Amino acid sequence: RATRKQALEPAVRRVGMKPSIGASAEADVPSPKRLKLADLLELCGLQSEAPAGGLDALSADECKRLCQQLLPRVELQQELCRVGREQDELARELEHKRVDVATLEAKMQAYQLLKDVRMRVDSALKMGEP
């Protein structure tokens, strides 16, 4: 028999949320439709919104109201995950650019050194000419 936390993991991964289920994690898993709503409510801190009789006692209007509260939270969580991935990508790109800049600076220093050596060699050759 699956625990609530185990049953939630695929749905949580799909919406990009981290499970935060407490002591009730070993409770029996409710029906699939109720599982999604109940666990999303719990993950979003809205379990106190559910009636005392449980989610089975919710009317269609109450379910709609709770879903309207959940939707912005789920969308924000998805946006947060997207922004986190984007930040990671930008950090990798920045590091790559830093390496490129360091390489170019080293090449510029080498070029300048080569230029200085050429000038010295040329002036030494000119001094040695009769």
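In what follows, the accompanying structure is described.

What counts and what doesn't
- Residues numbered from 1 in each chain as written.
- Predicted model: local features only at pLDDT ≥ 70, side-chain atom pairs only at ≥ 80, totals over all residues.
- Heavy atoms only, no water.
- Salt bridge = Lys/Arg side-chain N within 4 Å of Asp/Glu carboxyl O.
- Helix = DSSP H or I, 4+ residues; strand = E, 2+ residues; numbered from the N terminus.
- Buried < 20%, exposed > 50% of the residue type's maximum accessible area, 1.4 Å probe, protein only.

**Notes on the pattern of salt bridges**
In the structure shown here, the tally under the stated rule is 3 salt bridges. In this structure, E79 engages R82 in a salt bridge whose closest nitrogen and oxygen atoms are separated by 2.5 Å. Taken together, the residues span about one helical turn, with E79 and R82 both in helix α3 (residues 60-128) at a distance of 3 residues. A residue is classified by how much of its surface remains accessible, and E79, at 37% relative accessible area, is partly exposed. The exposure class of R82 is partly exposed, given its relative accessible area of 35%. In this structure, E89 engages R92 in a salt bridge whose closest nitrogen and oxygen atoms are separated by 2.8 Å. Separated by 3 residues within a single helix, E89 and R92 lie in helix α3, roughly one turn from each other. What makes E89 partly exposed here is its relative accessible area of 41%. According to the relative accessible area criterion, R92 is exposed, its value standing at 51%.

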